[in-house]
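Observations on the model geometry
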Amino acid sequence: MSASTAHNAEAEPSLGAEVFPRILYVEDNDTSYEVAEGMLGDTFNLTRASQAEEFVERITASKFDLVLMDIELVDSALDGIGLTRLMRGKLESPPSFAREIESASIPILFITSHTALYSNETLRHHGADGVLHKPVNPDELASYVNSMLSVHKHATTAAQERQAKTETDLRIEMELKVKLFANAAHHLNNPLNHIHGS
């Protein structure tokens, strides 16, 4: 599956077509992207962004399930850490093309060879959900991606259920208040209540 094919896969799937999880891989090196495409292309819908502006264009135009992030991005206004901080709402003074982007909880997995410069703890502090070190084993990468997608799906479902419960509780509380106020108003406005109470 070529890079152009991956980009064309952004079109809406036809009715009945199998829908693969959508992954945005931020990688400026052609070879690294092609290797990842060979590992993931059969089971995931992989799209590439090679620098910050392209990343912002893609992440705002389409919905992705996960981001694979490289650290160094040649000729890019932001590197992978900067883009991660941008997605987590931690980046101060973002570039003009990224000022309207909203923070998001989309899983971000770093794939990096810079283990000496950036520890796992440092990358997680900046907003990464996971870190894999190059060279990456194909089975390990697929397993890690599937695990992160599963965790994120369960967390999202749980958050939606909590939100729905909160909204339901608020609606019930409001309905009870309305009934109480209505009963109180009826009691005050009914003259017989004063007669019986005298």
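Up top you'll find the structure we're talking about.
Residues numbered from 1 in each chain as written. Predicted model: local features only at pLDDT ≥ 70, side-chain atom pairs only at ≥ 80, totals over all residues. Heavy atoms only, no water.

**With respect to the pairing of strand 1 (residues 22–26)**
Under the convention used in this document: Note on classification: 1.4 Å probe, protein chains only; a residue is buried when its accessible area is under 20% of the maximum for its type, exposed when over 50%, partly exposed between these limits. Every helix listed is a DSSP run of H or I at least four residues long, and every strand listed is a run of E at least two residues long, numbered separately from the N terminus. Whether two strands pair comes down to DSSP finding at least two bridges between them. With the strands pointing away from the viewer, any crossover whose connection runs clockwise from the first strand over the helix to the second is right-handed.
Across the five residues of strand 1, five count as buried, placing the element largely inside the fold. Burial of strand 1 is two-sided: the residues Arg22, Leu24 and Val26 facing one way and the residues Ile23 and Tyr25 facing the other way are all buried. As judged from the five bridges shared by strand 1 and strand 2 (residues 45–49), these two strands associate in the parallel manner. Looking at strand 2, one finds that Leu24 is bridged to Thr47. In this fold, the crossover linking strand 1 to strand 2 by way of helix 2 (residues 30–40) has right-handed handedness. Pairing analysis gives four bridges linking strand 1 to strand 3 (residues 66–69), with the strands arranged parallel. What sits directly across from Val26, in strand 3, is Met69.

**Observations concerning unusual backbone geometry**
That bond from Lys134 to Pro135 is cis: its omega, -5 degrees, falls within 30 degrees of zero. Non-glycine residue Asp75 carries a positive phi angle of around 60 degrees. Relative to the elements of secondary structure, Asp75 occurs in the loop between strand 3 and helix 4 (80–87). At Ser93, a residue that is not glycine, the phi angle is positive and equals roughly 50 degrees.

**Section: the pattern of salt bridges**
Put simply, the test is: The term salt bridge refers to a side-chain nitrogen of Lys or Arg lying within 4 Å of a carboxyl oxygen of Asp or Glu.
Per the counting criterion, the structure on display carries six salt bridges. One salt bridge connects Arg48 with Asp30, and the closest N-O pair in it is separated by 2.8 Å. Residue Arg48 is located in strand 2, and its partner Asp30 is located in helix 2; the two are separated by 18 residues in the primary sequence. By relative accessible area, Arg48 is classed as buried at 12%. One salt bridge in this structure joins Glu54 and Arg58, with 3.3 Å as the shortest N-O distance. Placement of the pair is Glu54 and Arg58 together in helix 3 (residues 52–61), with a separation of four residues, close to one helical turn. The residues Glu54 and Arg58 share a single accessibility class, namely buried.

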